[in-house]
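Commentary on secondary and tertiary structure
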Amino acid sequence: MASQFRSYIWDPVLIICQIVLMQCIYYSFLGLWLAGVDSLVQASRSMDQIFSYEVLGFATVQGRLSMMAFILNSLTCALGLWFFIRRGKQCLDFTVTVHFFHMIGFCMALMAVTGEYLCMRTELRAIPVNSGPKSNL
């Protein structure tokens, strides 16, 4: 019997570890690429560069450099797929998973921050205190 590169037994622990690893590679290298780009143009660093689409664009130098950082991050993640996943059939699966979790994470963060803001605003409303005469019902 010839040895195989990887067994075909479904291993959910391995898959979850690979997903977590690819997420870590995605965000850590994206942060490094964006920090490098920001140091080129002396721009302030912000989480908006990762989670806000308004930063990306051809109109400004910082927008073009941010787009370049995302492209370089894609190449870095491709190396992560090659080094850690090592299966051509699974590359698309892990790529879609990384971007899906990025979108879901952004939506959850947006929902949490907006919901907290609205709740705090409601909680901090002035409570009317009427000291006038009460009607007898």
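Residues numbered from 1 in each chain as written. Predicted model: local features only at pLDDT ≥ 70, side-chain atom pairs only at ≥ 80, totals over all residues. Heavy atoms only, no water.

When helices and strands are counted, the protein shows four helices and zero strands. Counted from the first residue to the last, the protein has its helices and strands arranged as α-α-α-α. For the protein, the proportion of its 137 residues judged to be buried stands at 20%. Only carbon and sulfur atoms are counted for the fraction: they give 70% of the accessible area of the protein, which is about 10800 Å². (Helix = DSSP H or I, 4+ residues; strand = E, 2+ residues; numbered from the N terminus. Buried < 20%, exposed > 50% of the residue type's maximum accessible area, 1.4 Å probe, protein only. Areas by Shrake-Rupley, 256 points an atom, 1.4 Å probe, with all protein chains shown as cover.)

It is worth spelling out unusual backbone geometry at this point. In this structure, Arg-86 is a non-glycine residue whose phi angle is positive, near 60°. Mapped onto the elements of the fold, Arg-86 is located in the loop between α3 (61-85) and α4 (88-123). The class of Arg-86 is partly exposed, set by a relative accessible area of 44%.

Here the UniProt-annotated "transmembrane region" (unreviewed entry) positions come out as residues 12-35, 65-85 and 92-113. Secondary structure across residues 12-35 divides into 100% helix and 0% strand, with the first and last C-alpha atoms of the span separated by 34 Å. Between the C-alpha atoms that bound residues 92-113 the distance is 31 Å, and the span itself is 100% helix and 0% strand. (UniProt positions renumbered as here; feature names shortened; annotations may be inferred.)

The next thing to look at is helix α1 (residues 12-41). End to end, α1 covers 44 Å across 30 residues, agreeing with the expected 44 Å (1.5 Å per residue, within 8%). When α1 is considered as a whole, its buried residues turn out to be Gln-18, Met-22, Gln-23, Ile-25, Tyr-26, Leu-30, Leu-34, Val-37 and Asp-38. On the buried face of α1, the contacting elements are α2 (48-51), α3 and α4. Following α1 by one or two positions, Gln-42 has its phi on the positive side, about 55°. (Expected span 1.5 Å × (residues − 1). Contact = heavy atoms within 4.5 Å.)

With that settled, the discussion passes to the nonpolar core. Counting residues in each nonpolar core, the largest one holds 15 residues, and the members touching the most others are Met-22, Tyr-26 and Leu-30. Those elements giving two or more residues to this core turn out to be α1, α3 and α4. (Core = buried A, V, L, I, M, F, W, Y, C linked by side-chain atoms within 4.5 Å.)

Our next topic: the environment of Cys-91. By secondary structure assignment, the location of Cys-91 is in helix α4. Judged by its relative accessible area of 25%, Cys-91 is partly exposed. For the pair formed by Cys-91 and Ala-78, sequence separation is 13 residues and the distance between their alpha carbons is 8.5 Å.

A separate point is a nonpolar patch on the surface. Taken together, the side chains of Leu-21, Leu-79, Trp-82, Phe-83 and Phe-84 present a nonpolar region at the surface, about 530 Å² in accessible area. Tracing the chain through its elements places Leu-79 in helix α3. For Leu-79, a relative accessible area of 53% corresponds to the exposed category. (Patch = residues over 30% accessible without salt bridge, like charges linked within 9 Å, V, L, I, M, F, W, Y side chains within 5 Å. Salt bridge = Lys/Arg side-chain N within 4 Å of Asp/Glu carboxyl O.)

Another point: the packing of α1 against α3. Here α1 crosses α3 at 150°, and the two axes come no closer than 8 Å. Seen from above, α1 lies across α3 with right-handed handedness. When its residues are assigned to classes, the contact of α1 with α3 shows 20 nonpolar, six polar and one charged. (Axes fitted to C-alpha atoms, helices over the stretch in contact; angles between N-to-C directions. Left-handed = near helix turned anticlockwise from the far one by under 90°. Nonpolar A, V, L, I, M, F, W, Y, C, P; charged D, E, K, R; others polar.)

Looking now at α3. Between its first and last C-alpha, α3 extends 35 Å over 25 residues, near the 36 Å set by a 1.5 Å rise per residue. Buried-residue contacts for α3 involve α1, α2 and α4.

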